[in-house]
Amino acid sequence: MGARDLYLVTGGAGFIGSHIVEALVRRGERVRVLDNLITGRHENLAHLIHEIEFIEGDISDYETTRKAIDGVKIVFHEAAIPSVPRSVDEPKLNHEANINGTFTVLLAARDAAVRRLVYAASSSAYGERGTGAKLEDQLPSPLSPYAVAKLVGEYYCQVFTRVYGLETVALRYFNVFGPRQDPSSPYSGVISKFITALLSGQSPVIFGDGEQSRDFTYVANVVDANLRAAVEPGAIGQVINLGLNQRITLNQVLAELQKIIGTDLTPRYESPRVGDIRHSLADITRAERLLGYRPSVGLTEGLRYTVEWYRENRG
Ligand code: UD2
């Protein structure tokens, strides 16, 4: 890969996308962003806006996407409407953004002779099979429209590799957290909600008994894996878990955050969410083997950085 290849980050104004954009810019690459600003925000790229090309547009529109992808070597496809409960409330929106959108990006990438596309897949694809670490070879069992959509995207990636020779890599993100994750929607990631509640002295809400567990992964680890996935030959056509391989319950992560922030607030327990998975833990041996991935930021360290960021940027 030449030093001045052109990269496209779909959803580059979003939480994870903007971190990928930042890492590419830091490395001196040419970066274009395609984002419809539905969940993405201008502020996420404000510090980089003079160093990138920004296109406001929707990935479901072929013409827009085809234009945005022109001359691009590598695509990081992060654009999506995330959230399990949002997909339960708005299944059509989920289908259009996450299935039609991904299909359109793949089609445009094929037509523009892109070399490689790295796709943001989701651990939700696994569903409830067992309580142990999830292995990529396990049969998927999606429990929500969001999980179905993200899984369909993976299948399309693999088929575009087999049928059209477009190099694709699907990274199954487990629960990613970090600076710039938007806490303001009812569908926001739990760590952003917990931190902002605690910082404003409000009781965080826990859906269910709080004994469900997740493999929370700091965003820098995910960025690192994406950069590797863009070049590693062994990753082509593969589905690869991205997590920390560490299980923590919601009650525990809340306790950890209260310790960092210095609060002692009692959470409000509400009914569990429809489509919610009880336990989620990543086996990351494939990522280690195929990408040379070693998560460099641990959970507590990542929580500290994140709290720091919300302290400085709240409001
Ligand atoms: C799913 C996927 C994740 C990613 C994400 C994108 C799984 C296991 N993970 O995350 O890989 O694709 O979707 O959106 O499917 N909760 C509370 N209080 C709150 C908010 C959430 O208790 O204020 C609970 C929620 O019920 C769940 C846990 O926290 O048990 C995590 O919820 P989340 O929305 O942060 O992420 P999750 O696991 O749905």
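Cut-offs applied
Residues numbered from 1 in each chain as written. Predicted model: local features only at pLDDT ≥ 70, side-chain atom pairs only at ≥ 80, totals over all residues. Heavy atoms only, no water. Near = heavy atom within 4 Å. Polar contact = N/O pair within 3.5 Å; in protein donor to acceptor, adjacent residues only side chain to side chain. Areas by Shrake-Rupley, 256 points an atom, 1.4 Å probe, with all protein chains shown as cover. Helix = DSSP H or I, 4+ residues; strand = E, 2+ residues; numbered from the N terminus. Buried < 20%, exposed > 50% of the residue type's maximum accessible area, 1.4 Å probe, protein only. Contact = heavy atoms within 4.5 Å.

Colleague: It is not clear to me how the site of the ligand should be interpreted in this structure. Could you clarify?
Modeller: Around the ligand, a shell composed of 23 residues is seen, among which Ser122, Val190, Val205, Arg214 and Asp276 lie nearest. Contact distances for the ligand include 2.7 Å between an oxygen atom and a side-chain N or O atom of Ser122. Within the side chain of Asn175, a nitrogen or oxygen atom sits 2.9 Å from an oxygen atom of the ligand. Against a free-state accessible area of 750 Å², the protein chains account for coverage of 91% of the ligand. Secondary-structure elements contributing two or more residues to the shell around the ligand are helix 6 (190–199) and strand 8 (205–207).

Colleague: Please clarify how helix 7 (residues 219–229) should be interpreted in this entry.
Modeller: An α-helix turns once per 3.6 residues; consequently, residues spaced three or four apart project the same way. Counting buried positions along helix 7 gives 8 out of 11 residues, so the element sits mostly inside the fold. Among all positions of helix 7, only Val219, Asn221, Val222, Val223, Ala225, Asn226, Leu227 and Ala229 are buried.

Colleague: Honestly, the environment of Ala80 in this entry has me stumped. Any pointers?
Modeller: Topologically, Ala80 is positioned in the loop between strand 4 (74–77) and helix 3 (84–89). Through-space distance from the C-alpha of Ala80 to that of Ala149 is 9.9 Å; in sequence the pair is 69 residues apart. In this structure, Ala80 is in contact with Thr39, Asn98 and Lys150, ignoring residues within four places of it in sequence.

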